[in-house]
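Breakdown of the fold
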Amino acid sequence: MRMKCYFLVLSLLLLGCHRELEKPKEQDYTEMISALFSGDLAYETTAFVEQYWRVVGNSGFNASIYKIAEGLEAAGYRMENDSTKDARLTYRIEKRIMKNPTWEPVDASLTIVGDEKPILEQASNRNMVYLNSPSTGSNGVEGALIYVANKEELAKVNLKGKIVMAEMGLTSLEKQAQEQGAIGVLTYNNPAYLQPEKNVTSIQFRSMRYRDNNTMWAIALSYRAKELLKERLKKGAVRLHVNIQTKFYRSEELTIIADVKGGVKPEERLVFSAHVQEPGANDNATGVGTQLEMASITAQLVNEKIIDPKRTLTFLWGDEIVSTRRYIEEDRERAKGIKWGISLDMVGENTEITGGSFLIEKMPDPSAIWTRGNDKHSEWGGRVLRLEDMKPHYLNDFIIDQFKQQGARANWMVKTNPYEGGSDHTPFLRNDIPGLLLWHFTDQFYHTDNDRLDKVSQETMKNVGIATLTSALILVNANESLALEILETVKSAAIQRLRNEIKLSKEAIQQGEDAIEQGAIVVAWLDWYLKTADSLTDLLFSESMSLEKTIQETKAELHHLVSQEMPSLDLPSL
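What you see is a predicted model; the values in this text were computed from it and never measured. (Residues numbered from 1 in each chain as written. Predicted model: local features only at pLDDT ≥ 70, side-chain atom pairs only at ≥ 80, totals over all residues. Heavy atoms only, no water.)

This next bit is on the packing of helix 12 (residues 395-410) against helix 14 (residues 458-476). Here helix 12 crosses helix 14 at 135 degrees, and the two axes come no closer than 9 Å. It follows that helix 12 is oblique to helix 14 by the angle criterion. For the crossing formed where helix 12 meets helix 14, the hand is right-handed. Judged by residue contacts, L395, F398, I399, Q402, F403, Q406 and A410 of helix 12 engage N463, V464, I466, A467, T468, T470, S471, I474 and L475 from helix 14. (Axes fitted to C-alpha atoms, helices over the stretch in contact; angles between N-to-C directions. Helix = DSSP H or I, 4+ residues; strand = E, 2+ residues; numbered from the N terminus. Parallel < 35°, antiparallel > 145°, perpendicular 65-115°, else oblique. Left-handed = near helix turned anticlockwise from the far one by under 90°. Contact = heavy atoms within 4.5 Å.)

All right, on to the sheet that holds strand 1 (residues 78-79) then. Ordered by their spatial adjacency, nine strands build an open sheet running 1-2-10-12-11-13-16-14-15, and the pairing between neighbours is mixed. The two strands at the open ends of the sheet, each matched to only one other strand, are strand 1 and strand 15 (415-417). Where strand 2 (residues 89-97) and strand 10 (residues 252-260) come together, nine bridges link them in antiparallel fashion. Bridging across to strand 10, I97 finds its partner in E252. This element, helix 14, spans strand 11 (265-275), strand 12 (311-318), strand 13 (338-344), strand 14 (357-361) and strand 16 (435-441) of the sheet and lies at about 140 degrees to strand 12. (Pairing = 2+ DSSP bridges.)

In this section: helix 12. Think of an α-helix as turning once every 3.6 residues; residues three or four places apart then point the same way. The end-to-end C-alpha separation of helix 12 is 22 Å, in line with the 22 Å expected for 16 residues at 1.5 Å each. Along helix 12, the residues that are buried comprise L395, N396, D397, F398, I399, I400, Q402, F403, Q406 and G407. N411, located one to two residues past helix 12, shows a positive phi value of around 55 degrees. (Expected span 1.5 Å × (residues − 1). Buried < 20%, exposed > 50% of the residue type's maximum accessible area, 1.4 Å probe, protein only.)

On to the layout of surface pockets. In this structure, the largest pocket encloses a volume near 890 Å³. Secondary-structure elements contributing two or more residues to the lining of the largest pocket are strand 14, helix 12, strand 15, helix 15 (480-510) and helix 16 (515-534). Sort the elements by how many residues they give to the lining of the largest pocket and helix 15 lands first, with seven residues. Taken together, the residues of the lining of the largest pocket sort by class into eight nonpolar, 14 polar and 12 charged. (1 Å grid on protein atoms, 1.4 Å probe; cavity = no way out; pocket = protein on both sides within 12 Å on 5 of 7 lines; lining within 4 Å. Points joined across faces, edges and corners; volume = space filled by probe spheres on them. Nonpolar A, V, L, I, M, F, W, Y, C, P; charged D, E, K, R; others polar.)

With that settled, consider the nonpolar core. Counting 104 residues, the largest nonpolar core has L72, Y77, F315, W317 and L438 as its most contacted members. No other element matches the 10 residues that helix 16 contributes to this core. Not counting chain neighbours up to four residues away, the residues in contact with L72 comprise Y77, Y91, I256, A258, L292, A295 and W317. Counting residues in each nonpolar core, the second largest holds 45 residues, with L110, V129, L145 and A182 among its members. (Core = buried A, V, L, I, M, F, W, Y, C linked by side-chain atoms within 4.5 Å.)

Attention shifts here to the side chain of T46. Relative to the helices and strands, T46 is located in helix 3 (residues 40-50). Looking at T46, the relative accessible area reads 0%, which means it is buried.

Our next topic: the confidence of the model for the protein. Detailed reading of the predicted coordinates is not advisable wherever pLDDT is low. Residue-level pLDDT values for the protein average 94, and 95% of them are 70 or greater. Predicted confidence for residues 1-22 stays below pLDDT 50, and this span has 15 contacts to residues more than four positions away or in other chains. (pLDDT = per-residue confidence, 0-100.)

Attention shifts here to unusual backbone geometry. If a residue is not glycine, its phi is most likely negative; likewise, a peptide bond is most likely trans. Following D283, the chain continues into N284 via a peptide bond in cis, with omega recorded as -5 degrees. Within the fold, N284 resides in the loop between strand 11 and helix 8 (285-303). With omega at -10 degrees, the peptide bond leading from F441 into T442 counts as cis. Looking at the secondary structure, you find T442 in the loop between strand 16 and helix 14.

Moving on, we come to the pattern of salt bridges. Scanning all chains against the criterion turns up 39 salt bridges. As a salt-bridge pair, R92 and E94 come within 2.9 Å of each other at their nearest N and O atoms. Taking the relative accessible area as the measure of exposure, R92 reaches 15% and is therefore buried. Under the relative-accessibility criterion, E94 is labelled buried at 18%. With a closest N to O distance of 2.6 Å, K226 and E227 form a salt bridge. Among the charged side chains, a network of salt bridges with common partners joins E80, R92, E94, R96, E253, D259, R269, R326 and E330. (Salt bridge = Lys/Arg side-chain N within 4 Å of Asp/Glu carboxyl O.)

Here it is as structure tokens:
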């Protein structure tokens, strides 16, 4: 692989008969990144990270952080504290003392007394023990099993000294079980999209609140374990032997941040974020690995002087949402320069196995208020937004266009979903920074202990990495010509969207829907795109009369399109 990289560099240097190397054009970014992005580093890193049950501060999380540091060092990044001010490639590991101890599962088993084999074992069901569950003691604990059908029944039975089993979340029964002296809890509540009757061994990881001196442990059940216990209870009393070994210990919270310093406006930056915690492979070892290969390739291109980023590229790995939010909010001056944020979360799925689709979760646009036509929410879902929640910006259509192009090249399916939240794109948006999410859903192994390396596709990580890094290099090196190209992309998307929304609204009115409401949908989309067109000016380093003029012409054209099709609407002014 390295030989291929050298030949690419050599060919680029020889191009033009020793003339001064020209800066790459948009299509050149794709070609050079495609030649370098094998997915090998992404996959190898994913394999390393996914072997651990990762929660902030524990040994698996920390090992993953230091594995990233090794990869950055190998690519040419150097510790920030040991670097000069003009160093282009630096990284740092931020360390913070944790308020509460971290937690780590060691071993566990759940056995019906009298049976030879356990129903569940940590070795094959590594999500069986609740995060923050205490141990049972070295020899385990034994107790009678009692099944509770609902909350009403919970209040009527004596739980003292019992092991309580319920088909509900722990929040619904923890307090009462604790107060009544239950010795432990078994829960089952796998959602339907996990297809539990097919994936009978899957356990979705669960967590309980950390409490000092807590003695009540909790185990999450697979569908098969739940059904087996219910069948045995029908035949008579059941006693269980439970052995849980976990560790609590004081630790540090680690975040690792790498910078590729911009040569013109280093204070302006694009920030990538991939969270390390969670015990799965796709979620989110694939985000960690893909982002590391992106950082490695960027370093190679900078070191070989093939690219010279004008703005800074930042790669962040840490605790989901928490680390990204802290990066933005701890340094308000730094935050002013963050122009774009992109979250890589579950980006490496073999969709033939998981059943999911690759998705770009858009910044809030009117599809998160009125979800209709080809717009569809994932099973994750999301609250219905309001007009004041909208974030008009070109990032949506620009990223979608770049990924669609990669999809066409690689015969790879790219879809979108309206804004739903819940990952590292949310801190950007909450701080009025354009941000979106790259992910997969629905995944029948999401958050389960069957989310392992065999569900990962190196080819998917490669496609995501190529499209993401291409997009990033275009943005950080943007000029007037590029801004005009992106404006054309936005205009094309706007015309298609407005025509479709007008069509849907007219059809709805004919079917008796409220005309005012249907008109409001079209107006909301027009307003969103008028403001999106204005956002293109932030790509430039200085004012451009040509861009301003074209933006105004584009806005007038969109305004005219809607006024012609639905003349009765009260449209936003230009």
